[in-house]
Amino acid sequence: MANKLKKNDSIEASRGLITAHHGVEVEVAFATGKRRMVRVKRNSGHVVGDEVEVTGEILLRLPRRTELRRRDGGGGIHLVAANLDVLGIVVAPNSQAGFIDRAIVAARVAELHPFVVVNKCDLEDTALLLAGLSRVYAGAVSVFPLSAKERTGLEPLVAYLSQGHRGVFVGASGVGKSSLLNALCPAIDLKVGKLSEQSGLGRHTTTVSTLHALAGGGELVDTPGFRDFGLVDILTDELATHFPGFEEHGHLRCHFRDCRHRTEPGCAVIKLVEQELIPADRYAVYLELLGEVESDQREARSRGWKN
Ligand code: GDP
Ligand code: ZN
């Protein structure tokens, strides 16, 4: 039988990439351009982006370069995709404050390069948002202003992705992630503006994760469960290390290893704020976010989540 195959048996292992996950089967794309479905156990742990060796019906997963996870409302941890390089953080007017910082920290923890997409640049309100974000983030991450709806300003993002990056978009519902995926990759053909209706259907809607090659190069992963989530889970020590604006000053040499940069003696961040090398308003944002993340963590612990 298949699972008794030895190395020298006639069916050869071929290396492929998981490009779609349908729960009980995955689609594998091979270097030859061939694709086929392989059955998997429901919780086999395979995700889109996994590289595999396929021998008959057996999948051997190869080591991952990166893993991106999310938590659901009930505290369960899910792997979103494997071997991603970049995380696109999508915002539009009325986006939640703190979201970009949380998402940048989450990306850095997962060793993905974050970038920011400012969508809906066809609206007047967006100019103010863009000016503010460019001032804060321009030194730390790339910022791409565009309009997914009007399909304007897409070229720099297309060029960036074409450098061979594999990415996924995050952002609150309504910022235009489906519209953006449609604009960059017409083959995806997602419904736009239907989120609230869809979530009403809950688990009856099949959630298929897919990986799409872009015409000009690069790949985008679409995972419906991830697309819909607004808040990114991070921990206080991750925030303290990777907050955009701190990390850019290099390795922080605070007196205490677990310094939260609040009132601790010998804190390198407080010194940089005093020297005006870190702007006071960014430090204030950090302190506010730290308070939020601490209370998230307390709440999570009281619900019995593991950190
Ligand atoms: P998602 O929830 O993040 O996937 O957002 P959708 O792509 O479903 O878009 C939410 C709403 O924003 C829809 O009504 C879209 O038509 C609208 N929208 C998306 N992109 C743009 C844009 O660039 N400009 C404007 N004005 N509206 C947009
Ligand atoms: Zn410190």
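Structure report, in brief. (Residues numbered from 1 in each chain as written. Chains lettered and ligands numbered in written order. Predicted model: local features only at pLDDT ≥ 70, side-chain atom pairs only at ≥ 80, totals over all residues. Heavy atoms only, no water.)

## A look at the overall build of the chain
When helices and strands are tallied, the chain shows 9 helices and 13 strands. Among the 307 residues that make up the chain, the fraction classed as buried is 45%. For the chain, restricting intrachain contacts to residue pairs at least 6 apart in sequence, the fraction spanning at least 24 positions comes to 61%. Of the roughly 16,700 Å² of accessible surface on the chain, 51% is carried by carbon and sulfur atoms. (Helix = DSSP H or I, 4+ residues; strand = E, 2+ residues; numbered from the N terminus. Buried < 20%, exposed > 50% of the residue type's maximum accessible area, 1.4 Å probe, protein only. Contact = heavy atoms within 4.5 Å. Areas by Shrake-Rupley, 256 points an atom, 1.4 Å probe, with all protein chains shown as cover.)

## Re the pattern of salt bridges
As enumerated under the stated definition, the model contains 14 salt bridges in all. With a closest N to O distance of 3.9 Å, Arg135 and Asp281 form a salt bridge. Of this pair, Arg135 sits in helix α2 (residues 125-137) while Asp281 sits in helix α9 (residues 280-302), placing them 146 residues apart in sequence. According to the relative accessible area criterion, Arg135 is exposed, its value standing at 60%. (Salt bridge = Lys/Arg side-chain N within 4 Å of Asp/Glu carboxyl O.)

## Here's the deal with the side chain of Thr126
Inspection of the secondary structure puts Thr126 in helix α2. Reaching out from Thr126, the side chain makes a polar contact with the backbone oxygen of Lys120 at a distance of 2.4 Å. (Polar contact = N/O pair within 3.5 Å; in protein donor to acceptor, adjacent residues only side chain to side chain.)

## Here's the deal with the nonpolar core
Core analysis: the largest hydrophobic core is formed by 34 residues, its most contacted members being Val28, Leu59, Leu68, Leu87, Ile89 and Ile100. The element contributing the most residues to this core is helix α1 (residues 99-109), with 5 residues. Dropping the residues within four chain positions of it, Ile100 is found in contact with Ile89, Val91, Val116, Leu133 and Tyr137. Counting 23 residues, the second largest nonpolar core, distinct from the first, contains Ala92, Phe115, Ile188 and Leu214. (Core = buried A, V, L, I, M, F, W, Y, C linked by side-chain atoms within 4.5 Å.)

## Examining empty space enclosed by the protein
Taken as a whole and assessed by the stated rule, the structure comprises 2 cavities of 30 Å³ or more. Considering only enclosed or pocket space, the second largest cavity measures out at about 30 Å³ in volume. In terms of lining residues, the second largest cavity is bounded by Val90, Val91, Ser95, Gln96, Phe99, Ala172 and Val175. Split by residue class, the lining of the second largest cavity holds 5 nonpolar, 2 polar and no charged. (1 Å grid on protein atoms, 1.4 Å probe; cavity = no way out; pocket = protein on both sides within 12 Å on 5 of 7 lines; lining within 4 Å. Points joined across faces, edges and corners; volume = space filled by probe spheres on them. Nonpolar A, V, L, I, M, F, W, Y, C, P; charged D, E, K, R; others polar.)

## A word on the packing of aromatic side chains
Inspection of every chain in the model, using the stated rule, returns 8 aromatic pairs. With 4.8 Å between their ring centres and 55° between their planes, Phe246 and Tyr286 make a pair best called tilted. Placement of Phe246 in the loop between α7 (236-242) and α8 (268-274) and of Tyr286 in helix α9 is noted, with a sequence separation of 40 residues between them. When sorted by exposure, Phe246 lands in the same class as Tyr286, which is buried. Chaining the aromatic ring pairs together yields one cluster made of Phe115, Phe144, Tyr160 and Phe169. (Phe/Tyr/Trp six-rings, centres within 6.5 Å; stacked < 30°, edge-to-face > 60°.)

Keep in mind these values describe shape, not function.
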